[in-house]
Amino acid sequence: MRVVTTAQTQDLDVQPTPLALLLLGREADPRSERGVECPGDLPSPSDPDLVARARAAKEKLGSKVFVLGHHYQRDEVIQFADVTGDSFKLAREAAARPEAEYIVFCGVHFMAESADILTSDEQKVVLPDLAAGCSMADMATAEQVAECWDVLTEAGIADQVVPVSYMNSSADIKAFTGKHGGTICTSSNAERALEWAFQQGEPSTTKVLFLPDQHLGRNTAVRDMGMSLDDCVVYNPHKPNGGLTTEELRAAKMILWRGHCSVHGRFSLDSVNDVRERIPEVNVLVHPECRNEVVAAADYVGSTEYIINKLDAAPAGSKWAIGTELNLVRRLANRYASEDKEIVFLDKTVCFCSTMNRIDLPHLVWALESLAEGNLVNRIQVDKETEGHAKLALERMLALP
């Protein structure tokens, strides 16, 4: 094996690629979900006064600030949220607070974008750490999706395709969806969104381009709507023509983008079988972003809100293995421990959402204190053209029965 030293790479005039620099935090791409370094100095995570500082800054801001906390956030952050929920609920809650000058979104980048799209021009959406992105949303860029549409056009089927994009997508993808007559969906209304999409044209020929999570699209189509796995094809943006033939595209009903959630995608059929062996009479409850074989083997499948409601209604003494992000699972286990409900993480290997966890208490304190001092930091602002098309797609979702 040949070892190349730094000096040798300089001699060879080897330059890091833009992607490598981006991943190292040394470059910025404004169209990417990945963030860059935060300006200013963050408080030390060991500062014992962080909780008091956050409370003081929030009290000083009063009704001028509204803090949103996604279910997957750390407990140290979620305690300061005025409202907790999934991404769409939080975006709607932001829009319902026109008196709040600042919306501090403890979530990830695409969520803050959605909040900016749905709130007024006078409101400012702040993301405490710009590096809080989403690996799934990163898997579909505007350029890749535009190229995919060209492939569908060349195959002669673009006029039969209705895009349906998951809420977990960038503003650019939401705008593409709105511009091409499609709608947005959440994990709780994906079936209604697909039904709507198939009603937009001739039922026998209409197709859906589902972005960017292949698993939610496949599970909804097969598990909830009775389609077969053969009705679904996966478009890989890293292969010519998406790795599909014209015949495959024309025969498909669901064209699934090759994207996934890095947390939910880790659960396997082995995880389900193992937990059933370890915990007799356990109920397996998973998110529909999990793989199809995991969803098929589970007892219950549903969105984050569904998972919470299911456990809330569960009888005392029941046992549950949950296939979703660990912060939420641990919070639910603690919440229901007094009711003798046994709640465990589905996989033996513990996994947080790494980008969601970037919003920690030092970043939240820094953001709140900056706002309290009159300094607007880390504002998330979607340009007007993108906002217009994206809002159209979101409004179509809001109009779903």
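Note that the structure is predicted; figures quoted are calculated from it, not measured. Residue positions are given per chain, counting from 1 as you read along its sequence in written order. Local features in this predicted model are restricted to residues of pLDDT 70 or higher, and side-chain atom pairs are both shown and tallied only at a pLDDT of 80 or more, whereas totals for entire chains, interfaces and linings draw on every residue. Side-chain metrics in this entry use all non-hydrogen atoms of the structure; hydrogen atoms and water are not considered.

1. Looking at helix α11 (residues 214-224)
1) Next: Think of it in three bands: with a 1.4 Å probe and only protein chains considered, a residue is buried below 20% of the maximum accessible area for its type, exposed above 50%, and partly exposed in between. Helix numbering and strand numbering both begin at the N terminus, where a helix is a DSSP run of H or I of at least 4 residues and a strand a DSSP run of E of at least 2. Burial of α11 is extensive: 8 of the 11 residues sit out of reach of the surface.
2) Next: Those residues of α11 that fall on the buried side of the exposure criterion are Gln214, His215, Leu216, Gly217, Arg218, Asn219, Thr220 and Ala221.
3) Next: With a side-chain oxygen lying 3.2 Å from the backbone nitrogen of His215, the N-terminal cap of α11 falls on Asp213.
4) Next: At the C-terminal side of α11, Gly226 shows a positive phi close to 80 degrees. Whenever a nitrogen or oxygen atom comes within 3.5 Å of another N or O atom, the pair is scored as a polar contact, on the condition that within protein one atom can donate a hydrogen and the other can accept it, and that pairs from neighbouring residues in sequence are kept only if both atoms are in side chains.

2. A closer look at the pairing of strand β9 (residues 254-257)
1) Next: Side-chain alternation along β9 places Met254 and Leu256 on one buried face and Ile255 and Trp257 on a second face that is also buried.
2) Next: For two strands to be treated as a pair, DSSP must find no fewer than two bridges joining them. Sheet topology note: the strand β7 (residues 207-211)/β9 ladder contains 3 bridges and is parallel. Directly across from Phe210, in β9, lies its bridge partner Leu256.
3) Next: Here strand β8 (residues 232-235) pairs with β9 via 4 bridges, running parallel. Bridge pairing in β9 links Cys232 to Met254.
4) Next: The handedness of a crossover follows from its direction of travel: if, with the strands pointing away from the viewer, the path from the first strand over the helix to the second runs clockwise, the crossover is right-handed. In this fold, the crossover linking β8 to β9 by way of helix α12 (residues 246-251) has right-handed handedness.

3. Observations concerning the environment of Ser188
1) Next: Within the secondary structure, Ser188 is located in the loop between β6 (183-185) and α10 (190-198).
2) Next: Separated by 100 residues in the primary sequence, Ser188 and Pro288 have C-alpha atoms spaced 9.1 Å apart.
3) Next: A distance of 2.9 Å separates the side chain of Ser188 from the side chain of Thr186, its partner in a polar contact.

4. So, the confidence of the model for the chain
1) Next: Confidence scores labelled pLDDT are given residue by residue by the predictor and lie between 0 and 100. Taken residue by residue, the chain gives an average pLDDT of 89. The fraction at 70 or more is 90%.
2) Next: With pLDDT under 50 throughout, residues 1-14 is counted as low confidence; its partners more than four residues away or in other chains account for 4 contacts.
3) Next: Throughout, a residue-residue contact means that at least one pair of heavy atoms, one from each residue, lies within 4.5 Å. Below a pLDDT of 50 lies the segment residues 18-26, which in the model reaches 11 contacts outside its immediate sequence neighbourhood of four places, other chains included.

5. Re the packing of aromatic side chains
1) Next: Classification of ring pairs uses Phe, Tyr and Trp, with its six-membered ring standing for Trp, and accepts pairs whose centres are within 6.5 Å; under 30 degrees between planes counts as stacked, over 60 as edge-to-face, and the remaining range as tilted. Counting across every chain of the model gives 4 aromatic pairs.
2) Next: Relative to Phe176, the ring of Trp149 lies with its centre 5.5 Å away and its plane at 80 degrees, an arrangement referred to as edge-to-face. Of the two residues, Trp149 sits in helix α8 (residues 142-154) while Phe176 sits in helix α9 (residues 171-179), which places them 27 residues apart along the sequence. The same class applies to Trp149 as to Phe176, namely buried.

6. Some words on the environment of Leu371
1) Next: Position of Leu371 among the secondary structure elements: in helix α17 (residues 361-372).
2) Next: The class for Leu371 is buried, based on a relative accessible area of 2%.
3) Next: Setting aside its immediate chain neighbours within four residues, Leu371 contacts Leu61, Tyr102, Val104, Val126, Leu376 and Val377.

7. Quick look at the pairing of β7
Side-chain positions along a regular strand alternate between the two faces of the sheet.
1) Next: Taking burial as the measure, the 5 residues of β7 include 5 buried ones, the bulk of the element.
2) Next: Pairing analysis gives 5 bridges linking strand β5 (residues 161-166) to β7, with the strands arranged parallel. Within the sheet, the bridge partner assigned to Pro163 lies in β7 and is Leu209.

8. A word on the sheet that holds strand β4 (residues 124-126)
1) Next: Sheet architecture is open: 5 strands sit in the order β2-β1-β3-β4-β14, paired in mixed fashion. Strand pairing shows two members of the sheet lacking a second neighbour, β2 (83-85) and β14 (379-380), which therefore form its edges.
2) Next: One ladder, built from 2 bridges, connects β4 with β14; its direction is antiparallel. Looking across to β14, one finds that Val125 is bridged to Ile380.

9. Thoughts on the side chain of Glu325
1) Next: Position of Glu325 among the secondary structure elements: in the loop between β12 (319-323) and α16 (326-335).
2) Next: In summary, the charge assignment counts Lys and Arg as positive and Asp and Glu as negative, without counting His or the chain termini. Salt bridges, as used here, are contacts in which a Lys or Arg side-chain nitrogen is within 4 Å of a carboxyl oxygen on Asp or Glu. As a buried residue without a salt bridge, Glu325 has its nearest oppositely charged side chain in Arg331, at a separation of 6.7 Å.

10. A short note on the sheet that holds β9
1) Next: Taken in spatial order, the 5 strands of this open sheet run β6-β5-β7-β9-β8, and their pairing is parallel. Single-partner strands in this sheet number two, and they are β6 and β8. The sheet shows a mean angle of 25 degrees between the axes of neighbouring strands, taken without regard to direction. Between N-to-C directions, angles span 0 to 180 degrees; the directions come from axes that are lines fitted to C-alpha atoms, helices contributing only their stretch in contact.

11. Notes on α8
1) Next: Expected helix span is given by 1.5 Å per residue-to-residue step, counting one fewer step than there are residues. In this model, α8 (13 residues) spans 18 Å end to end at C-alpha, consistent with the 18 Å of a helix rising 1.5 Å per residue.
2) Next: Every buried residue of α8 is accounted for by Gln144, Val145, Cys148, Trp149, Val151 and Leu152. Burial along α8 is one-sided: seen end-on, the buried residues are contained in an arc of 155 degrees.
3) Next: On its buried side, α8 packs onto β5, α9, β7, β8, α12 and β9.
4) Next: Trailing α8 by a residue or two, Gly156 shows a phi angle of about 75 degrees, which is positive. Read the arc as the range of directions from the helix axis to the C-beta atoms.

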